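# Summary of the model geometry
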Amino acid sequence: MATAATPAAVDPASRNKQIVIDAFDRWAAGGNSFFTEMLTPDVIWTIKGSGPSAGVYQGLDQFISKAVRPFASRLSDPVRPVSKQVWADGDHVVVQWEGAGVAQDGKAYRNSYAWIFHMRNGKVFEVTAFLDLAPYNDVLRRIPTLEGG
């Protein structure tokens, strides 16, 4: 008689892929804890490209305060994944996704992302992120913060 695979019997790639899919699904459905849920406190998040938003963020707190919060504070509707494709190989998971939100000035924000996650014990400890920085930086430039910057 065949039995269903137990979680321990699932290979690391499949387990990591499912963790990421589930987290993206919760985010798409309105969740707002994706980063704190998925990232280790000491995560290294690298945004590839050139311009003021590209660079390396050391740790969850720095990533949230320097990259996530300044962008999210300029939106009236947060970015949500509207489609995704996910691939996994061992402890690496690649997510290509389309995101959409609305800036505080009413203009739509859309972008394409590719995130490469390196995972350990079900959490992401290293990320390489690719996105079109032009629309991202446009929101940062166009919409003032409450502090006036």
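Note: the structure precedes this text.
Residues numbered from 1 in each chain as written. Predicted model: local features only at pLDDT ≥ 70, side-chain atom pairs only at ≥ 80, totals over all residues. Heavy atoms only, no water.

The final tally for this structure, using the stated rule, is 22 aromatic pairs. With a centroid separation of 6.1 Å and an interplanar angle of 40°, the aromatic rings of Phe34 and Trp115 are classed as tilted. Of the two residues, Phe34 is situated in helix 2 (residues 34–38) and Trp115 in strand 5 (residues 108–120); the sequence distance between them amounts to 81 residues. Judged by relative accessible area, which is 4%, Phe34 ranks as buried. On the basis of an interplanar angle of 70° and a centroid distance of 5.9 Å, the ring pair of Tyr113 and Trp115 is categorised as edge-to-face. Trp115 matches Tyr113 in its accessibility class, with the two residues each being buried. Here a set of aromatic residues connected by ring pairs shows up, and it is made of Phe24, Trp27, Phe34, Phe35, Trp45, Tyr57, Phe63, Trp97, Tyr113, Trp115 and Phe117. Above the plane of the ring of Phe125 lies Arg120, whose end atom (NZ or CZ) is 4.1 Å from the centre. (Phe/Tyr/Trp six-rings, centres within 6.5 Å; stacked < 30°, edge-to-face > 60°. Helix = DSSP H or I, 4+ residues; strand = E, 2+ residues; numbered from the N terminus. Buried < 20%, exposed > 50% of the residue type's maximum accessible area, 1.4 Å probe, protein only. Lys NZ or Arg CZ within 6 Å of the ring centre and 35° of its normal.)

All right, on to the sheet that holds strand 3 (residues 75–89) then. The strand order across the open sheet built from 6 strands is 2-1-6-5-4-3, with neighbouring strands paired in mixed fashion. Both outer strands of the open sheet, strand 2 (55–58) and strand 3, are each paired with one neighbouring strand and no more. Here the strands of the sheet are splayed against their neighbours by 20° on average, with no regard to which way each runs. Pairing geometry for strand 1 (residues 39–47) and strand 2, over 4 bridges, is antiparallel. The residue bridging Thr46 from the neighbouring strand is Val56, located in strand 2. Contacting strand 1, strand 3, strand 4 (92–103), strand 5 and strand 6 (123–131), helix 4 (residues 133–142) runs over the sheet at an angle of about 115° to strand 5. (Pairing = 2+ DSSP bridges. Axes fitted to C-alpha atoms, helices over the stretch in contact; angles between N-to-C directions. Contact = heavy atoms within 4.5 Å.)

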